[in-house]
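Overview (structure and organization)
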Amino acid sequence: MNRPDFLAMSDKPYHLFVVEDDTALRDMLAAYLERQGLAVTAMASAEELLRRIHRLRPDLVILDVGLPKMSGLQACQQLRAEGDRVPIILLTARTEEIDRVLGLEMGADDYLGKPFSARELLARVRAVLRRAGGAPGTPVGHAVPVRIGEFHFVAASRSLHRGDDAVRVLSSIEYALLAELVLNPGVAISRERLLAASHGRGETLLLRTVDTAIMRLRRLVEPDPAEPRYLQTVRGHGYMFVPHVEARG
Ligand code: CA
């Protein structure tokens, strides 16, 4: 049997959400994708997607457009409005160009018109995950190191570097918080969202944990942790990464 090379490369499987209200199609897709070595969480509504995505970070979402109540397009738009860049492949019964354009405008990564073959979907999944470039469980957009003052945050190795030296491998919560912050420079991110980003699968943490982890990160990267320059507090809300700006001469 030919297992897909790229998808099966890592020890830990990629985790996909399949959001589809057609039970037969949902079960078929979930079973097929699982046979390809992927971990699948299947659900039937956009509301459930929005409720669960913060607790159980998927690597990719396969999202039906035609869902009861909130549509897949609306859910996609809402996630992007919240700054969530999880890769999304939209599925739709309607194949009009307008849907494709709308879907991509709403921030979807790809689009597949029904009917489609499971193989075709798998090819899209592979392409989108490859483009996202992360190992399973890695937030999107961390291919290049991000400068934080004298340091560089290297997402792939979950570490902080100064010059050529790795000075610290981050704990999983430090890593998750920093990844979420630096991915959204200049955006105030709520403590709740940071907490959600730091959840391992099923792990529970308190909001206070976010604050103490931020303090540890500040002691690492801030020249003066009492007057943070890069990891700033947004009062009554959360935190914000303020990137280093080169002075132009
Ligand atoms: Ca549907």
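Above this text you will find the structure in question.
All of the points below concern the structure found in this document.

Moving on, we get to the sheet that holds strand S12 (residues 238-241). The strand order across the open sheet formed by 3 strands is S10-S12-S11, and the pairing between neighbours is antiparallel. Each having just a single partner strand, strand S10 (189-190) and strand S11 (231-234) make up the two edges of the open sheet. In this fold helix H6 (residues 172-182) packs onto S10, S11 and S12, with an angle of close to 60° to the strand it touches most, S12.

Further remarks concern the sheet that holds strand S2 (residues 39-43). Ordered by their spatial adjacency, 5 strands build an open sheet running S2-S1-S3-S4-S5, and the pairing between neighbours is parallel. Two strands in the sheet have a free side with no partner beyond their single neighbour: S2 and strand S5 (110-113). Along the sheet, successive strands turn relative to each other by an average axial angle of 15°, direction set aside. Across the sheet, helix H5 (residues 118-132) lies against strand S1 (15-19), strand S3 (60-64), strand S4 (88-92) and S5, angled at about 175° from S5, the strand it touches most.

The full count for this structure, using the stated rule, is 11 salt bridges. For Arg 80, the salt bridge identified is with Asp 109, shortest N-O distance 3.0 Å. Of this pair, Arg 80 sits in helix H3 (residues 72-81) while Asp 109 sits in the loop between helix H4 (97-105) and S5, placing them 29 residues apart in sequence. Asp 109 sits in the partly exposed class, given a relative accessible area of 30%. One salt bridge connects Arg 193 with Glu 180, and the closest N-O pair in it is separated by 2.9 Å. Separated by 13 residues along the polypeptide, Arg 193 in helix H7 (residues 191-198) and Glu 180 in helix H6 bring together distant segments of the chain. The same class applies to Arg 193 and to Glu 180, which are both buried.

Within the largest apolar cluster, 26 residues are counted, with the highest numbers of intra-cluster contacts made by Ile 148, Phe 153, Leu 177, Leu 178, Leu 181 and Phe 241. Listing elements by their share of this core, those giving two or more residues are strand S6 (146-148), strand S7 (151-154), H6, H7, helix H8 (207-221) and S12. If one sorts the elements of this core by residue count, H6 sits on top with 7 residues. With residues up to four places along the chain from it excluded, the contact list for Leu 181 reads Ile 189, Leu 194, Ile 214, Leu 231, Tyr 239, Met 240 and Phe 241. Listed in part, the 23 residues of the second largest apolar core include Ala 46, Leu 50, Leu 79 and Val 86.

What counts and how
Residues numbered from 1 in each chain as written. Predicted model: local features only at pLDDT ≥ 70, side-chain atom pairs only at ≥ 80, totals over all residues. Heavy atoms only, no water. Pairing = 2+ DSSP bridges. Helix = DSSP H or I, 4+ residues; strand = E, 2+ residues; numbered from the N terminus. Contact = heavy atoms within 4.5 Å. Axes fitted to C-alpha atoms, helices over the stretch in contact; angles between N-to-C directions. Salt bridge = Lys/Arg side-chain N within 4 Å of Asp/Glu carboxyl O. Buried < 20%, exposed > 50% of the residue type's maximum accessible area, 1.4 Å probe, protein only. Core = buried A, V, L, I, M, F, W, Y, C linked by side-chain atoms within 4.5 Å.

All quantities given are derived from atomic positions and should not be read as evidence of function.
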